[in-house]
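Breakdown of the fold
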Amino acid sequence: MKKIVFVVVSLFILCSFSSSKGEMVPAGEKLVYAGSYNMGGLMTQLAQVTMSTEMVTTSKNSYLHLNCELTTFSKWDKFFKIRDIYESYVNPTSLKPSLYKRSIDEGGYTKKEKYAFKGNSVTSTAKKRNKPETVRTFTIGGSTQDAISLLYKVRALDFSKMKAGQTKSFVIVFDEKEIPVTLKYMGDETVDAGNLGDKLCHKLSIGAKTDALRGKDKNLIWLTADTKKIPALMKFSIPVGTGQLALTSATGI
């Protein structure tokens, strides 16, 4: 499941082309997806992915809290129960992260992580099931972000100058290491966007030097071709099979 989660996270990085004209991410947004996996040639719905945003204020600063939860449907829990939560606390304007948190419970395997960002330095705290807590400090590049905060950069992008086949490279930090990815814009298509109806979308592909992805132009995302850039559909191909995330509900946008 970690590979699937990595793919979902990585697919959103397709949003991170450099030009921007659109809106920033609104607080109070909620996106709900049905997660399906190819079982015996049929796409079977196994889980729900929910992404939400809210403003939080401390004594010193205000942050945009980005939250992503992955939960298997109850009828599948007896086979492989998943309860994963990914969170990022970012500057509301720049989306630069200050804190990233990850809590996973997958078939009884548990792990909790916390990344504290300070400049180009990250201090990570990790606790796996039945193992002592570890603390590590490492250096990242100036443009590297945690996986969740990078998801939301889609809200401020402009594809009007992009040409089909154009690529760009980026880096995320995941599992205490930097992971480079290559992105490709593939033109526009109309897809089902849940309660938003059929929407013209930007189609993009992702490639990465990792065993989590498989096939050329098999890991895809469709983003609504408007100022919101809502991810309407995602398809992934990994060593253990193929699947997709389909938007069912978008509110607060």
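Just so it is clear, the model here is predicted, and its values are computed rather than measured.

Quick notes on the overall build of the protein chain
Tallying secondary structure elements over the protein chain gives three helices and 15 strands in all. Considering only intrachain contacts with a sequence separation of at least 6, the fraction spanning at least 24 residues in the protein chain is 50%. Accessible surface, the protein chain: about 12100 Å² in total, of which carbon and sulfur atoms supply 51%.

Notes on the pattern of salt bridges
Scanning the entire structure with this criterion turns up six salt bridges. Here R102 makes a salt bridge to D175, at a shortest N to O gap of 2.6 Å. Of the two residues, R102 is situated in strand β5 (residues 97–106) and D175 in the loop between β10 (167–174) and β11 (177–192); the sequence distance between them amounts to 73 residues. As a salt-bridge pair, K111 and D175 come within 3.7 Å of each other at their nearest N and O atoms. One end of the pair, K111, is in strand β6 (residues 109–118); the other, D175, is in the loop between β10 and β11, with 64 residues separating them in the sequence. Taken individually, K111 and D175 each receive the classification buried, so the pair is uniform in this respect.

Some remarks on the confidence of the model for the protein chain
The predicted model of the protein chain has a mean per-residue pLDDT of 84, with 85% of residues at 70 or higher. The low-confidence segment residues 1–7 (pLDDT under 50) makes 28 contacts with residues lying over four places distant or belonging to another chain. Every residue in residues 9–23 is under pLDDT 50, and counting partners more than four places away or in other chains gives 64 contacts.

A few points about the pairing of β5
Pairing geometry for strand β4 (residues 83–90) and β5, over six bridges, is antiparallel. Looking at β5, one finds that E87 is bridged to K101. Connecting the antiparallel pair β4 and β5 is a turn made up of six residues, with L95 showing a positive phi of about 65 degrees. Of the pairings in the sheet, the one linking β5 to β6 comprises eight bridges and is antiparallel in character. Along β6, the bridge assignment pairs D105 with T110. Hairpin remark: β5 followed by β6, antiparallel, with two residues in the connecting loop; positive phi at G107, about 60 degrees.

Here's the deal with the packing of aromatic side chains
On inspection of all chains with the given rule, the structure shows three aromatic pairs. Aromatic side chains Y115 and F138 sit 6.1 Å apart centroid to centroid with 85 degrees between the ring planes, which places their arrangement in the edge-to-face category. Of this pair, Y115 sits in strand β6 while F138 sits in strand β8 (residues 134–139); the two residues are 23 residues apart in sequence, bridging distant segments of the chain. Given the relative accessible area of 1%, Y115 is considered buried.

Digging into the nonpolar core
With 48 residues, the main nonpolar core has Y33, I148 and Y152 as its most contacted residues. If you look at the next biggest cluster of nonpolar residues, it comprises five residues, including Y37, L46, F236 and I238.

Section: the side chain of Q145
Structurally, the position occupied by Q145 is in strand β9 (residues 145–146). Classification of Q145 as buried rests on a relative accessible area of 5%. From its side chain, Q145 meets the backbone oxygen of L95 in a polar contact 2.8 Å long.

Side note on the pairing of strand β13 (residues 220–224)
Each regular strand carries side chains that alternate between the two faces of the sheet. Counting buried residues in β13 gives five out of five residues, a clear majority hidden from the surface. Here β13 shows two buried faces, one formed by L220, W222 and T224 and the other by I221 and L223. Two strands pair when backbone bridges link them, and β13 and strand β14 (residues 231–238) are joined in this way by four bridges, in the antiparallel orientation. Its bridge partner lying in β14, L220 is registered against K235. Between β13 and β14, which follow one another and run antiparallel, lie six residues, and K229 among them has a positive phi close to 50 degrees.

Definitions and limits used
- Residues numbered from 1 in each chain as written.
- Predicted model: local features only at pLDDT ≥ 70, side-chain atom pairs only at ≥ 80, totals over all residues.
- Heavy atoms only, no water.
- Helix = DSSP H or I, 4+ residues; strand = E, 2+ residues; numbered from the N terminus.
- Contact = heavy atoms within 4.5 Å.
- Areas by Shrake-Rupley, 256 points an atom, 1.4 Å probe, with all protein chains shown as cover.
- Salt bridge = Lys/Arg side-chain N within 4 Å of Asp/Glu carboxyl O.
- Buried < 20%, exposed > 50% of the residue type's maximum accessible area, 1.4 Å probe, protein only.
- pLDDT = per-residue confidence, 0-100.
- Pairing = 2+ DSSP bridges.
- Phe/Tyr/Trp six-rings, centres within 6.5 Å; stacked < 30°, edge-to-face > 60°.
- Core = buried A, V, L, I, M, F, W, Y, C linked by side-chain atoms within 4.5 Å.
- Polar contact = N/O pair within 3.5 Å; in protein donor to acceptor, adjacent residues only side chain to side chain.

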